[in-house]
Amino acid sequence: MASLSRPSPAISVFWHEEMLKHDTGNGVFDTGMDPGFLDVLEKHPENSDRLRNMVSILKRGPISPHISWHSGTPPLISQLLSFHTPEYINELVQADRDGGKELCSGTFLNPGSWDAALLAAGTALSAMKHILDGHRKIAYALVRPPGHHAQPSQADGYCFLNNAGLAVQLALNSGCARVAVIDIDVHYGNGTAEGFYHSDKVLTISLHMNHGSWGPSHPQSGSVDEIGEGKGFGYNLNIPLPNGTGDQGYAYAMTQLVVPAIQKYEPQMVVLVVGQDSSAFDPNGRQCLTMEGYREIGQIVRKLSDKYSDGRLLIVQEGGYHVTYSAYCLHATLEGVLNLPNPLLSDPIAYYPEDELMTTKVIDAIKKFQNNTAPFLREG
């Protein structure tokens with residue numbers, strides 16, 4: 001009888017362990033530099049340990065009965081060209097043949113990296129196809145290297161191929177008229193935004209810390225006035241949040257900005273781009289989300305997908321660099337997506353105090369700007 005009470009898996013997780021072979025090296029944080037006077041150099045923040053813990057918490061943690069596991073496969077070159085330019089793909093292939101290259105600051109294509117990047121892209125595509133083919137409503141692409149900074153023609157921010165962008169393009173090519181992307185990684189999803197900046201078929205929403213541009217590889221600022229161009233005008237909604245925004249601030253941004261935009265747009269597919277680097281303890285971010293905040297975001301996105309996309313929801317992994325807490329926050333996010341009545345895991349290290357006043361003012365100002373600027377938000 002005990003086996004009859006075991007829940008049926010509700011989330012299909014797509015994963016391939018060969019992605020662990022992307023070796024980003026050691027140095028001073030993400031520079032790869034050895035100054036010669038430090039006894040202990042740290043692993044690059046985007047290292048395989050973070051994904052090992054994400055895999056293990058989903059396989060051995062209390063959420064495991066709700067999950068089924070599937071293997072990703074490499075993509076076709078034609079699929080890569082649906083988002084990226086041929087010149088850029090050739091550049092990556094040549095860098096791999098030459099034994100590796102630092103493509104931009106902190107972004108190292110080393111031996112094994114290109115194969116891992118191909119598997120990450122293919123795994124995201126496999127997860128999307130799984131949904132499109134009707135096998136399951138919810139799928140999670142557990143991938144590295146991450147992808148949302150990769151633009152059609154250049155690498156950026158640890159990213160080579162835009163995993164989420166490729167999956168979105170597959171959905172469009174398969175007949176989805178409108179796809180919504182909700183990106184909660186702590187950094188602006190500039191690559192995904194750039195790929196669909198002139199399209200009204202994709203609504204890109206990015207909640208990120210207000211970090212601005214960080215150089216030639218990341219010329220976008222993530223400001224509210226980067227709102228799309230041509231047919232895409234109004235369909236790129238940036239939500240740059242003040243440093244220190246926590247659970248209450250993110251919940252307010254979701255309810256005041258994200259939910260109304262999705263209600264107006266009525267997508268046929270929802271893609272949640274998730275990074276745990278928005279957590280209070282991440283070395284690569286300055287936000288203050290805890291497990292509770294991630295859980296609530298998961299709940300909100302699940303409700304939106306149930307209402308507007310017939311429950312179809314693809315989740316794509318991005319950042320998250322605290323090796324243990326990122327795994328916990330992932331677990332909490334998926335608990336929220338499953339809409340479970342009670343938390344399965346308690347938070348091992350939060351609580352973190354939050355000052356909501358500044359965040360609320362900023363979100364209210366963003367809401368006023370977007371409602372006055374984005375035509376589709378004014379309709380009806």
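Here's what I pulled together on the structure shown here. Since the model is a prediction, treat every value here as computed from it, not as a measurement. (Residues numbered from 1 in each chain as written. Predicted model: local features only at pLDDT ≥ 70, side-chain atom pairs only at ≥ 80, totals over all residues. Heavy atoms only, no water.)

**Section: the overall build of the protein chain**
Here is step 1 of the chain: Counting secondary structure elements, the protein chain contains 11 helices and 12 strands.
Here is step 2 of the chain: For the protein chain, the spread of C-alpha atoms along the principal axes amounts to about 60 × 55 × 45 Å.
Here is step 3 of the chain: Residue pairs at least 24 apart in sequence account for 78% of intrachain contacts in the protein chain once pairs closer than 6 positions are excluded.
Here is step 4 of the chain: Accessible surface, the protein chain: about 15100 Å² in total, of which carbon and sulfur atoms supply 50%.
Here is step 5 of the chain: Distance between charge centres in the protein chain, computed from 27 positive and 40 negative side chains, equals 9 Å. (Helix = DSSP H or I, 4+ residues; strand = E, 2+ residues; numbered from the N terminus. Contact = heavy atoms within 4.5 Å. Areas by Shrake-Rupley, 256 points an atom, 1.4 Å probe, with all protein chains shown as cover. Lys, Arg positive; Asp, Glu negative; His and termini not counted. Charge placed at Lys NZ, Arg CZ, Asp CG, Glu CD.)

**Structural notes on the environment of His208**
Here is step 1 of the chain: Here His208 shows up in strand β9 (residues 202-209).
Here is step 2 of the chain: We classify His208 as buried; its relative accessible area is 1%.
Here is step 3 of the chain: Once the C-alpha coordinates of His208 and Ser223 are considered, the two residues, 15 residues apart in sequence, prove to be 9.9 Å apart.
Here is step 4 of the chain: Setting aside residues no more than four positions away along its own chain, His208 makes contact with Asp185, Val186, His187, Tyr188, Gly222, Asn238, Ile239, Pro240, Leu241 and Gln287.
Here is step 5 of the chain: Among the polar contacts listed, one links the side chain of His208 to the side chain of Ser206, at a separation of 2.8 Å. (Buried < 20%, exposed > 50% of the residue type's maximum accessible area, 1.4 Å probe, protein only. Polar contact = N/O pair within 3.5 Å; in protein donor to acceptor, adjacent residues only side chain to side chain.)

**Looking at the packing of aromatic side chains**
Here is step 1 of the chain: Overall, the coordinates contain 6 aromatic pairs when judged by the stated rule.
Here is step 2 of the chain: Aromatic side chains Tyr265 and Phe376 sit 6.0 Å apart centroid to centroid with 70° between the ring planes, which places their arrangement in the edge-to-face category. A residue pair is termed long-range when its members are at least 10 positions apart, and Tyr265 in helix α7 (residues 247-265) and Phe376 in helix α11 (residues 375-378) qualify at 111 residues. For the pair formed by Tyr265 and Phe376, the shared burial category is buried.
Here is step 3 of the chain: Three or more aromatic residues link up through ring pairs in this structure, and these residues are Tyr235, Tyr265 and Phe376.
Here is step 4 of the chain: The ring centre of Trp69 lies 5.0 Å from the NZ or CZ of Lys59, which sits over that ring. (Phe/Tyr/Trp six-rings, centres within 6.5 Å; stacked < 30°, edge-to-face > 60°. Lys NZ or Arg CZ within 6 Å of the ring centre and 35° of its normal.)

**What about helix α3 (residues 86-97)?**
Here is step 1 of the chain: In this model, α3 (12 residues) spans 16 Å end to end at C-alpha, consistent with the 16 Å of a helix rising 1.5 Å per residue.
Here is step 2 of the chain: Here α3 has its buried residues at Tyr88, Ile89, Leu92, Val93 and Ala95. The arc that holds the buried residues of α3, viewed along the axis, is 160°, so those residues lie on one side. Residues of α3 that are exposed and point more than 90 degrees away from the buried face comprise Glu87, Asn90 and Arg97. (Expected span 1.5 Å × (residues − 1). Arc of directions from axis to C-beta.)

**A few points about the nonpolar core**
Here is step 1 of the chain: Ranked by size, the top nonpolar core spans 107 residues in total, and within it Leu58, Tyr140, Ile182, Leu203, Leu207 and Val271 carry the most contacts.
Here is step 2 of the chain: The residues contacting Val271, other than those within four sequence positions of it, are Met128, Val168, Val179, Ala180, Val181, Ile182, Leu314 and Val316. (Core = buried A, V, L, I, M, F, W, Y, C linked by side-chain atoms within 4.5 Å.)

**Re the side chain of Asp282**
Here is step 1 of the chain: With respect to the helices and strands, the residue Asp282 is situated in the loop between β11 (269-274) and α8 (291-308).
Here is step 2 of the chain: Despite its burial, Asp282 pairs with no opposite charge, the nearest such side chain being Arg286 at 6.6 Å.
Here is step 3 of the chain: In this structure the side chain of Asp282 is engaged in a polar contact, spanning 3.3 Å, whose partner is the backbone nitrogen of His322.
Here is step 4 of the chain: Setting aside chain neighbours within four positions, we find Asp282 in contact with Gln276, Asp277, Gly320, Tyr321, His322 and Ser326. (Salt bridge = Lys/Arg side-chain N within 4 Å of Asp/Glu carboxyl O.)

**Observations concerning the pairing of strand β12 (residues 313-317)**
Here is step 1 of the chain: Here β12 lies mainly inside the structure; 5 of its 5 residues are buried.
Here is step 2 of the chain: Alternating residues of β12 divide into Leu313, Ile315 and Gln317 and Leu314 and Val316, and every residue in both groups is buried.
Here is step 3 of the chain: Judged from the 4 bridges that link them, strand β7 (residues 138-141) and β12 form a sheet pairing that is parallel. Bridged to Ala141 within β12 is Val316.
Here is step 4 of the chain: As paired elements, β11 and β12 share 5 bridges and run parallel to each other. By the bridge assignment for β12, Val273 is matched with Val316.
Here is step 5 of the chain: The parallel pair β11 and β12 is bridged by α8, and the resulting crossover is right-handed. (Pairing = 2+ DSSP bridges. Right-handed = clockwise from strand over helix to strand, strands pointing away.)

**Examining the pattern of salt bridges**
Oppositely charged side chains can form a pair if their charged atoms are brought close together.
Here is step 1 of the chain: Within this structure, the stated rule accounts for 10 salt bridges.
Here is step 2 of the chain: Among the salt bridges present, the one from Glu18 reaches Lys21, with a minimum N-O distance of 2.9 Å.
Here is step 3 of the chain: The exposure class of Lys21 is exposed, given its relative accessible area of 51%.
Here is step 4 of the chain: One salt bridge in this structure joins Lys137 and Asp310, with 2.7 Å as the shortest N-O distance. Note that Lys137 is positioned in the loop between α4 (113-132) and β7 and Asp310 in the loop between α8 and β12, a separation of 173 residues in sequence.
Here is step 5 of the chain: With a relative accessible area of 37%, Lys137 lands in the partly exposed category.
Here is step 6 of the chain: Residue class for Asp310 comes out exposed when judged on its relative accessible area of 55%.

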